[in-house]
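Here are the chains, one letter per residue:
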Amino acid sequence: MVLRRKRVSEQNQPKLLMEVFVQLLRFCSLLPAIVAASGALAADADNGKRLAETRCVTCHIVAPSERRVVTDAPPFEAIARKFASNPDTLAFSIIDPHPRMNVTLTRREAQDLAAYINTLAK
Ligand code: HEC
């Protein structure tokens, strides 16, 4: 009787270890997603909106409700659609064409602006 009970608990031990191992694997597989999510949160879309309203609005339509056309600058809504499949590259495209227009941005400002513009794609 006693022997049998001991044998059962010994049989369960590898199973328990396996379960712990599976839980550990599951947590590890979530890690990249957790890191990615916190990276996305690091950019501040509200600050991007403020920056857009002060520094981009002279040329671009920066909010979907606006309906005026000032220059050949694409509306932010159109930019959001263009980059919808690849939002991570948007910050670079914000920095790229503008130095010749006297618009210079820090990396951080470009990231916040990209975060704002990406909210327009939804
Ligand atoms: C002086 C006018 C002007 C200002 C100010 C300006 N832009 Fe632009 N922007 C343009 C024009 C013109 C284009 C189109 C350039 C081209 O096609 O080469 C453009 C293109 C872009 C593009 C598209 C790049 C691409 O690869 O399609 C993005 C993104 C962008 N602007 C973001 C911004 C942001 C963010 C700001 C504010 C910090 C800003 N722009 C301020 C005139 C301006």
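To keep things clear, this report deals only with the structure shown in the data block.

Quick notes on the rules
- Residues numbered from 1 in each chain as written.
- Predicted model: local features only at pLDDT ≥ 70, side-chain atom pairs only at ≥ 80, totals over all residues.
- Helix = DSSP H or I, 4+ residues; strand = E, 2+ residues; numbered from the N terminus.
- Buried ≥ 20, exposed ≤ 12 C-beta atoms within 10 Å, placed from the backbone.
- Contact = placed C-beta atoms within 7 Å.
- Near = placed C-beta within 6 Å.
- Nonpolar A, V, L, I, M, F, W, Y, C, P; charged D, E, K, R; others polar.
- Core = buried A, V, L, I, M, F, W, Y, C linked by C-beta atoms within 7 Å.
- Expected span 1.5 Å × (residues − 1).
- Arc of directions from axis to C-beta.

Considering the overall build of the protein chain
Helix and strand content of the protein chain: five helices and zero strands. Here the protein chain holds 122 residues, and the buried ones make up 20% of them. Of the contacts made within the protein chain by residues no fewer than 6 positions apart, 61% connect residues no fewer than 24 positions apart.

Quick notes on the site of the ligand
Near the ligand lie 20 residues; those nearest to it are Cys56, Cys59, Ala73, Ser93 and Met101. Looking at which element gives the most residues to the shell around the ligand, the answer is helix α2 (residues 45-56), with three residues. Among the residues making up the shell around the ligand, the classes are represented as 12 nonpolar, five polar and three charged.

Structural notes on the environment of Asp88
On the secondary structure map, Asp88 appears in the loop between α3 (76-82) and α4 (90-95). The exposure class of Asp88 is partly exposed, given the 13 C-beta atoms found within 10 Å.

Section: unusual backbone geometry
Although it is not a glycine, Asn102 sits at a positive phi angle of roughly 70°. For Asn102, the location among the structural elements is in the loop between α4 and α5 (107-119). When the 6 C-beta atoms within 10 Å are taken as the criterion, Asn102 is described as exposed.

As for the nonpolar core
Of all hydrophobic cores here, the largest spans 18 residues; its most connected members are Ala52, Phe76, Ile94, Leu113, Ala114, Tyr116 and Ile117. Looking at this core, the elements with two or more residues in it are α2, α3, α4 and α5.

Regarding α5
Relative to the 18 Å expected for 13 residues at 1.5 Å per residue, α5 spans 19 Å between its end C-alpha atoms, a close match to the ideal helical length. Of the surrounding secondary structure, the elements contacted by the buried residues of α5 are α2, α3 and α4.

Re the environment of Arg55
Take Arg55: it is sitting in helix α2. Measuring from C-alpha to C-alpha, the distance between Arg55 and Thr104 comes to 9.9 Å, with 49 residues separating the pair along the chain.

Some remarks on α2
What α2 keeps buried is the set Ala45, Gly48, Lys49, Ala52 and Cys56. All buried residues of α2 fall inside an arc of 100° around its axis, so they share one side. Looking at α2, the residues exposed on the side facing more than 90 degrees away from the buried face are Asp46, Glu53 and Thr54. Here the buried face of α2 lies against α3 and α5.

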